Amino acid sequence: MPMKKLFFIICCTLSIYAPAVWPENLEDHAEIHKSAMSFIQSKTQGMPGKVLIKVDEVDSRLALAACAQLEAFLPAGASMLGKTSVGVRCNEKNGWSVFISASITTTMNMLVSSKPLQQGQVINVGDYSIQSGEISQPGVVTDEAQVVGKVIKISIGAGQLFKQDMFRPPYAVIQGQTVQIISEGQGFKLRTEGQAMNNAAAGQPAQVKVPSGQVISGVAKSNGVVEVRQ
C-alpha cells in the first residue's frame, strides 16, 4: 500500500476515535447551560408545588471567549414562571452576554369557578372548586384566602380558572354615600359627616365633600368611615 494512502487512512481513523475537545479559548456551552439552570433552580427553590424547569441548549453555532467569571441573571421583563429567558454574562474585560430560552412550570392546587359567577358578586365558599394542575402563568389563584369575601370584577363561566386580577376588595366607602369623617391630631379628635366622592376599599384613598363644600382627602376604613390625619 502506498505510504501516502496509509497515512491518510491512519489520520481518518484517529479523527473518528479521538475524544471531542472544546477549544481552550472558547467557552464551553455546557458551562453556560449549567449556570442558567443553577440560577433558575435557586430562584424557584421557595416556590410551592412541584417545579419543572427546562432550559434550551445554547446555539451550537455560537462561539464565545472562554470566561472564568460567568454570572446568570434575569432579563428585564422576564418572569420566573412560564416561557421566559435567562441571561448569562461574562464579567471579565471584553465580556459578553447571551440569552437562553427556558420554561418554568409548577404543579399545585388552583381555584376554578364551580358555577357561572356574575360581575359584582361576592365570592363565598361553594363558588369555586380546588383542582391540581400545571401552572405556567403568573397571577393564578392558589389560596382560598386570596378570593373569599372579595368582589368579582367580570362575569365568568363555570370551570374557569381564577386569576388574581379578576377580583377586588369590597368597597368600604361608596360614591355618594354619607360617611363619617374622623380627624385626629395631637390632643384632639373630631367627628363629622361628608359625602364620598369616590369608591374606595379599606385602606384606599377617599375624597369627601364636607358641608362647607370643601373636598378633603382621607383613608377609607370599614363601615363607611374615612380617617383624615393631621
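Along each chain, residues carry numbers from 1 onward, in the same order as the chain's sequence is written. For this predicted model, a pLDDT threshold of at least 70 governs which residues receive local features, and a threshold of 80 or more governs which side-chain atom pairs are given and counted, while totals over whole chains, interfaces and linings are taken from all residues. Heavy atoms from the whole structure form the basis of all side-chain values; hydrogens and water molecules are not counted.

A. Spatial organisation of helix 2 (residues 29-43). Each helix is a run of H or I in the DSSP string that is no shorter than four residues. Each strand is a run of E no shorter than two, and both are numbered from the N terminus. A helix is expected to span 1.5 Å for every residue after the first. Here helix 2 is 15 residues long and its end C-alpha atoms lie 22 Å apart, about the 21 Å a rise of 1.5 Å per residue gives. Among all positions in helix 2, only His29, Ile32, His33, Ser35, Ala36, Met37, Phe39 and Ile40 are buried. If you follow the buried residues of helix 2, they end up packed against strand 1 (50-55), strand 2 (70-73), strand 3 (82-90) and strand 4 (97-113). A distance of 3.0 Å separates the backbone nitrogen of Ala30 from a side-chain oxygen at the start of helix 2, and that oxygen is part of Asp28. Relative accessibility thresholds used throughout: buried, under 20% of the residue-type maximum; exposed, over 50%; partly exposed, between the two (1.4 Å probe, protein chains only). The criterion used for residue contact is that any of the two residues' heavy atoms lie within 4.5 Å. Polar contacts, as counted here, are pairs of nitrogen or oxygen atoms within 3.5 Å of one another; within protein the pair requires one atom able to donate a hydrogen and one able to accept it, and residues that are adjacent in sequence qualify only if both atoms are side-chain atoms.

B. Focus on the confidence of the model for the protein chain. The predicted model of the protein chain has a mean per-residue pLDDT of 87, with 89% of residues at 70 or higher. Every residue gets a pLDDT, meaning the predictor's confidence in that residue, from 0 to 100. For the stretch residues 3-22, pLDDT sits under 50, and the model shows five contacts to residues farther than four places along the chain or on other chains.

C. Looking closely at the side chain of Glu227. As for its placement among the helices and strands, Glu227 is situated in strand 14 (residues 225-229). Relative accessible area serves as the criterion here: at 18%, Glu227 is assigned to the buried category. Here Arg229 takes part through its side chain, which lies 3.0 Å from a polar atom of the side chain of Glu227. Not counting the four nearest positions on each side in its chain, Glu227 is found in contact with Ile182, Glu184, Gly218, Val219 and Lys221.

D. Quick peek at the sheet that holds strand 10 (residues 188-196). Pairing between two strands requires that DSSP report at least two bridges joining them. The strand order around the closed barrel formed by five strands is 9-10-12-13-14, and the pairing between neighbours is mixed. The sheet shows a mean angle of 50° between the axes of neighbouring strands, direction not considered. A fitted line through C-alpha atoms serves as each axis, taken over the contacting stretch for helices, and the angle formed by two N-to-C directions is quoted from 0 to 180°.

E. Seen up close, the state of the cysteines. Any two cysteine sulfur atoms within 2.5 Å of one another count as a disulfide. Overall, the coordinates contain one disulfide when judged by the stated rule. With its sulfur 2.2 Å from that of its partner, Cys67 forms a disulfide with Cys90. When the S-S torsion is 90°, as for the bridge of Cys67 with Cys90, the disulfide is right-handed. On the criterion of sequence distance, the pair formed by Cys67 in the loop between strand 1 and strand 2 and Cys90 in strand 3 is long-range, its members being 23 residues apart. Comparing Cys67 with Cys90, the two get one shared label, buried.

F. Seen up close, the pairing of strand 9 (residues 178-185). One ladder, built from eight bridges, connects strand 9 with strand 10; its direction is antiparallel. The partner of Ile182 across the bridge, within strand 10, is Arg191. Where strand 9 meets strand 14, five bridges bridge the pair, whose relative direction is parallel. Across the sheet, Ser183 pairs through a bridge with Val228, a residue of strand 14.

G. Representation of the environment of Val148. Inspection of the secondary structure puts Val148 in the loop between strand 5 (128-135) and strand 6 (151-152). Exposure remark for Val148: the relative accessible area of 38% places this residue in the partly exposed category. For the pair Val148 and Phe167, spaced 19 residues apart in sequence, the C-alpha to C-alpha distance is 9.8 Å.

H. Seen up close, the pattern of salt bridges. Salt bridge, as applied in this entry: a Lys or Arg side-chain nitrogen positioned within 4 Å of an Asp or Glu carboxyl oxygen. Here the structure, examined in full by the defined rule, presents six salt bridges. Across the salt bridge formed by Arg61 and Asp59, the nearest N and O atoms sit 2.8 Å from each other. Of the residues examined, Arg61 reaches a relative accessible area of 73% and is grouped as exposed. Given a relative accessible area of 36%, Asp59 falls into the partly exposed group. A salt bridge links Lys115 to Asp127, with the nearest nitrogen and oxygen atoms 3.2 Å apart.

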